[in-house]
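Structural overview for review
Listed here are the chains, written in short residue letters.
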Amino acid sequence: MKSFAPTLRYHLPRRARGTSRSVTAAGEWKGLGRRFGDLKVRPKLMVLHNLFFLILAGTIYFALYREIPARAQNSLVIVLGAIYILAVVVLETTIMPLYVYRPLHLMLEADKATQDDDHEHELIAAREISGDEIGQIMRSRNETILQLRQHEADLEDALRRLEAQDRLVHLGLMSASVAHELNTPLSVLLGSIEKLTECTTEPLALDRLARMLRVTQRIKKISEGLVDFSRTRKHEMEAVPMQPLIAEAWGLVAFDEKSSDVQFTNVVDTADVVVGNPDRLMQVFVNLLRNALYAVHTNGKIAARSRRFARNGQKWISVSVDDDGPGIPPDMLPNIFEAFVSSRLDARGTGLGLTVAEGIIDQHGGTISASNRASGGACLEVTLPACGSAAKEKIR
């Protein structure tokens, strides 16, 4: 046992030292490989193709130098060196920039534009996309960006609809209370007008009482419409000619004495018929025309126009109410259909009219939008399904 002990003490350290050197060498090679992998594409490819040409030139030189006279060996070195330099120059100035460096640069620039929300420059032009693997990556990236933008648009639209529904829910609670408070005095007013009609025979008085009765009945219908924001009620849909509806709406608005100083033009086509509930559509256009009347100055102009168009295989009719007033303030325009958004809250406006109008048009399956005209003034445009199109028979 004593004779073997020194041997064991001698061999163990040598084996440990050899293992340590192997581990150190492997670690160095691994670290070198990682540093090489971290290089950018251009220096990495430069190292690789330079190494390739050096090995190729060296191989050719050592394969030929014994086969040629000694005096030609120097010439061989010069020729191989010139070929090597020429190949590197052509590769680095023409081939690699065109087919590798430029596509990579385009992708990096497009990614930077995406990060900066520069939607105009975030897609790579089709003319810049080749048919190789880099081109496939470019096309895949473009498709991914387009899908992302579509998802963002869908999400934004869903959020907008959700916010609109939330506003209408809160508005419904308030409108139910308002309608309840209105119904009692309206009933008293209707009864009084009917009693006065029975008690007089004077034609002029009867005519005025008849007009008062029509207006009061209209107010009652509007009051009933407010209740629809707080409870479900079905409304029969029917064919509604827009030209006479606009004319009647203006007749109700014209009770305002300011209307005598304003020029109103109804150029809605008599053939334009939509699918809707006439009482609720009347409420919408009375509101739009009243807003236009309040907006214009003395001798101002208001016009109602219509147009037809097709979208997604369905026929639509658009009716716009234009005025030549000061227009909608730019800071108010994006939120014009939100509750309590009004430029005249301290006078006759409440900021609820357009919110109610949007809810009614949305229930009809249509849209309403607001904009400022290039020539001055505002434009409120209502789009509804044309009669004969695929529309619901009832709305809620």
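Quick caveat: nothing in here was measured; it's all calculated off a predicted structure. (Residues numbered from 1 in each chain as written. Predicted model: local features only at pLDDT ≥ 70, side-chain atom pairs only at ≥ 80, totals over all residues. Heavy atoms only, no water.)

**Quick look at the overall build of the chain**
- On a plain count of helices and strands, the chain comes out with 8 helices and 9 strands.
- Classification of the 396 residues of the chain by burial places 31% in the buried group.
- For the chain, the share of sequence-separated contacts (at least 6 apart) that also reach a separation of at least 24 residues comes to 69%.
- Accessible area of the chain: about 25,400 Å², with a carbon and sulfur share of 59%. (Helix = DSSP H or I, 4+ residues; strand = E, 2+ residues; numbered from the N terminus. Buried < 20%, exposed > 50% of the residue type's maximum accessible area, 1.4 Å probe, protein only. Contact = heavy atoms within 4.5 Å. Areas by Shrake-Rupley, 256 points an atom, 1.4 Å probe, with all protein chains shown as cover.)

**Quick notes on helix α7 (residues 278-295)**
- Its 18 residues give α7 an end-to-end C-alpha distance of 25 Å, which sits within 8% of 26 Å, the value for a rise of 1.5 Å per residue.
- Buried within α7 are the following residues: R280, L281, M282, Q283, V284, F285, V286, N287, L288, L289, A292 and L293. (Expected span 1.5 Å × (residues − 1).)

**A look at helix α8 (residues 353-363)**
- Across the 11 residues that make up α8, a large majority, 8, are buried.
- Those residues of α8 not exposed but buried are L354, T355, V356, A357, E358, G359, I360 and I361.
- Of the residues trailing α8, G365 is marked for its positive phi of about 80°.

**Focus on the packing of aromatic side chains**
- Applying the stated rule across the entire model yields 1 aromatic pair.
- Residues W250 and F264 carry aromatic rings whose centres are separated by 4.4 Å and whose planes lie at 10° to one another, so their mutual orientation is stacked. Of this pair, W250 sits in helix α6 (residues 242-253) while F264 sits in strand β3 (residues 263-266), placing them 14 residues apart in sequence. (Phe/Tyr/Trp six-rings, centres within 6.5 Å; stacked < 30°, edge-to-face > 60°.)

**Brief notes about unusual backbone geometry**
- With a phi close to 60°, D117 is a non-glycine residue in the positive phi region.
- Within the secondary structure layout, D117 lies in the loop between α3 (70-115) and α4 (133-199).
- Residue classification places D117 among the exposed residues on the basis of a relative accessible area of 57%.
- Phi at N312 is positive, roughly 55°, even though this residue is not glycine.
- Residue position: N312 is located in the loop between β5 (301-311) and β6 (314-323).

**Thoughts on the confidence of the model for the chain**
- When pLDDT is averaged along the chain, the result is 79, and 77% of the positions lie at 70 or above.
- Low pLDDT, under 50, characterises residues 1-12; the stretch is placed with 0 contacts to residues that sit more than four places away or in other chains.
- Residue range residues 344-351 is modelled with pLDDT below 50. Its contacts to residues more than four positions away, or to other chains, number 16 contacts. (pLDDT = per-residue confidence, 0-100.)

**Structural notes on the nonpolar core**
- In this structure, M242, F285, L288 and I302 are the most contacted members of the largest nonpolar core, which totals 40 residues.
- Of all elements in the fold, only α6, α7, β5, β6, α8 and β8 (378-385) reach the threshold of two or more residues within this core.
- The greatest single-element share of this core, amounting to 9 residues, is contributed by α7.
- Setting aside chain neighbours within four positions, we find I302 in contact with W250, V262, Q263, F264, T265, L289, A292, L293, V296, V321, D322 and D323. (Core = buried A, V, L, I, M, F, W, Y, C linked by side-chain atoms within 4.5 Å.)

**Brief notes about the sheet that holds β3**
- Spatial ordering of the open sheet is given by β3-β5-β6-β8-β7, a layout of 5 strands whose pairing is mixed. Each of the sheet's edge strands pairs with one partner strand only, and the pair in question is β3 and β7 (367-372). Across the sheet, the mean angle separating the axes of adjacent strands is 20° when strand polarity is ignored.
- Alignment of β5 against β6, held across 10 bridges, turns out to be antiparallel. By the bridge assignment for β6, A303 is matched with D322.
- Sheet contacts for α6: β3, β5 and β6; angle to β3, the most-contacted strand, approximately 160°. (Pairing = 2+ DSSP bridges. Axes fitted to C-alpha atoms, helices over the stretch in contact; angles between N-to-C directions.)

**What about the side chain of S320?**
- For S320, the location among the structural elements is in strand β6.
- Residue S320 is classed as buried on the basis of its relative accessible area, which comes to 11%.
- With residues up to four places along the chain from it excluded, the contact list for S320 reads A303, A304, R305, C379, L380 and E381.

**Section: the packing of α6 against α7**
- Orientation of α6 relative to α7, taken along the N-to-C sense of each, is 55°, at an axis distance of 9 Å. Judged by the angle between their axes, α6 and α7 are oblique. Where α6 crosses over α7, the handedness of that crossing is right-handed. Judged by residue contacts, M242, L245, I246, E248, A249, W250, L252 and V253 of α6 engage P278, L281, M282, F285, V286, L289, R290 and L293 from α7.
- Along the lines of polarity and charge, the residues of the contact of α6 with α7 split into 14 nonpolar, no polar and 2 charged. (Parallel < 35°, antiparallel > 145°, perpendicular 65-115°, else oblique. Left-handed = near helix turned anticlockwise from the far one by under 90°. Nonpolar A, V, L, I, M, F, W, Y, C, P; charged D, E, K, R; others polar.)

**Describing a nonpolar patch on the surface**
- Nonpolar side chains collect at one region of the surface, where L86, V90, I95, L98 and Y99 lie side by side and expose about 480 Å² of accessible area between them.
- Structurally, the position occupied by V90 is in helix α3.
- A residue is classified by how much of its surface remains accessible, and V90, at 36% relative accessible area, is partly exposed. (Patch = residues over 30% accessible without salt bridge, like charges linked within 9 Å, V, L, I, M, F, W, Y side chains within 5 Å. Salt bridge = Lys/Arg side-chain N within 4 Å of Asp/Glu carboxyl O.)

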